[in-house]
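Letter by letter, the chains look like this.
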Amino acid sequence: MKVLVIGSGGREHALVWKLRQSPRVTKIYCAPGNGGIAEEAECVPADVKSLDSLIAAANQIQPNLTVVGPELPLMLGVVDEFTRRGWRTFGPTKAASQLETSKGFAKEFLQRHHIPTAHYAICNSAEDVRSALPHFHAPVVVKADGLAAGKGVVIAKTKEEAALVANEMLSGKMLGEAGARIVLEECLSGEELSFLVVSDGERVAPLVAAQDHKRIGDGDTGPNTGGMGAYSTRTIVDSQMRDWLVTHIARPVVAGMKAEGAEYKGVLYCGLMMTARGPMVEAIEASIDGRTSDGDFKWSDDAAVCLVAASGGYPGTFDSGKKIMGLEEAGRLPGVKVFHAGTTRREGSFYTAGGRVLGVTARAAELETAVKQAYDAVGKIGFEGMYYRKDIAARALKR
């Protein structure tokens, strides 16, 4: 079959890399792709911010299956439009994707369906912020309601700082339309957990859990980013906790969306904080056909680690166009795969083209080995201003 992957980041590179391993896939395309993806798929020009552009690309390809990576085209309704044209598409509809694209919608939905979530307030104006802040204890989390490429979350140490950040977001100066509405949220203490399930609109099948590292600096310091690295092991959640998360969070979300007329198909991302009060929600074919089940996935017991190599200055201002060295050498190391998140290729060389540039990934039987392999690999890569965290998975290794 012909498969089209929509997107241009590290997630889409990983999808392309894995999908092309299927014996059923005869040709794989990516719209628009990036420098690294071009080595593993045919990249097709397209603008993920334009439905017309994505429809034109799919018309040219006539894919048997389309997999949508980024949230923006989901928010625009790409799944609705592709499905209407008879193209089998993996991902939630425009209505269902509000869980991902609007933090305010997600918080109100969780409250309506009695799913555990942090105390919050939705604010549309500076006056709303002034009225809400007395009901919070510092620190206060300030979140832009809309999509902000991982930059729409600020943990304010004081209420005064929270008011300043909230008003800057609401003014449009900080994040544009994404901050036209903001969410204030209590700051939860605990370990973050990324828990994903595949849903067919009614049933869910859990994927292996992971722990993300959102802050730019070692020791979880500095501003939030789209993610500076992650790791996964078979012991992040035990089978009892996994069943609890499916029963009390994933299934109620899917059932609630169906009850509200916005059936959720695709991958549902549950961003959790494992607190003393219990887990709190912050945020392929079987899915399309309505036959998802627990038995769909067989998982390796191996550990996996991903280190993000970022441009200097990210998540603030950064320069692009820096030549990347050492990719082939890093990729030859055992158990290592380098995914491209923000790169271009010209005249046989790769150059930086984004804040998060590479996802240097390693897999091994034990977490300690995977961590070492990933850091050995990133040590062979270089570009001007390259930055990466030195403590990915450190918390798990201490345990």
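Everything below is about the structure shown above.
Residues numbered from 1 in each chain as written. Predicted model: local features only at pLDDT ≥ 70, side-chain atom pairs only at ≥ 80, totals over all residues. Heavy atoms only, no water.

Draft legend 1. Seen up close, the overall build of the chain. Along the backbone of the chain there are 13 helices and 22 strands. In terms of C-alpha radius of gyration, the chain reaches 21 Å, essentially the compact-globule figure of 21 Å for 399 residues. Over its C-alpha atoms, taken along the principal directions, the chain stretches across nearly 55 × 45 × 45 Å. Going through the 399 residues of the chain one by one, you find that 49% of them count as buried. (Helix = DSSP H or I, 4+ residues; strand = E, 2+ residues; numbered from the N terminus. Rg over C-alpha atoms; globule rule 2.2 N^0.38 Å. Buried < 20%, exposed > 50% of the residue type's maximum accessible area, 1.4 Å probe, protein only.)

Draft legend 2. Quick look at the sheet that holds strand E5 (residues 89–90). Taken in spatial order, the 5 strands line up as E3-E2-E1-E4-E5 in an open sheet, and their pairing is parallel. Two strands close off the open sheet at either side, each with one partner strand: strand E3 (42–43) and E5. As judged from the 2 bridges shared by strand E4 (residues 65–68) and E5, these two strands associate in the parallel manner. Across the sheet, the residue bridging to Thr66 is Thr89, located in E5. The sheet strands contacting helix H1 (residues 10–19) are strand E1 (2–7), strand E2 (27–32) and E4, and the helix crosses E1 at an angle near 170°. (Pairing = 2+ DSSP bridges. Contact = heavy atoms within 4.5 Å. Axes fitted to C-alpha atoms, helices over the stretch in contact; angles between N-to-C directions.)

Draft legend 3. Spatial organisation of helix H6 (residues 103–112). By the burial criterion, the buried members of H6 are Gly104, Phe105, Ala106, Lys107, Phe109 and Leu110. Downstream of H6 by a residue or two, His114 has a phi angle that is positive, lying close to 60°.

Draft legend 4. Summary view of the pairing of strand E7 (residues 140–144). The buried count for E7 comes to 5 of 5 residues, which makes it a mostly enclosed element. Every second residue of E7 is oriented toward a common face, with Val140, Val142 and Ala144 on one face and Val141 and Lys143 on the other, all of them buried. Bridging between E7 and strand E8 (residues 153–156) involves 4 bridges; their strand directions are antiparallel. Note that in E8 the partner of Val142 across the bridge is Val154. The pairing of E7 with strand E9 (residues 182–186) spans 5 bridges and is classified as antiparallel. In the strand pairing of E9, Lys143 is matched with Val183.

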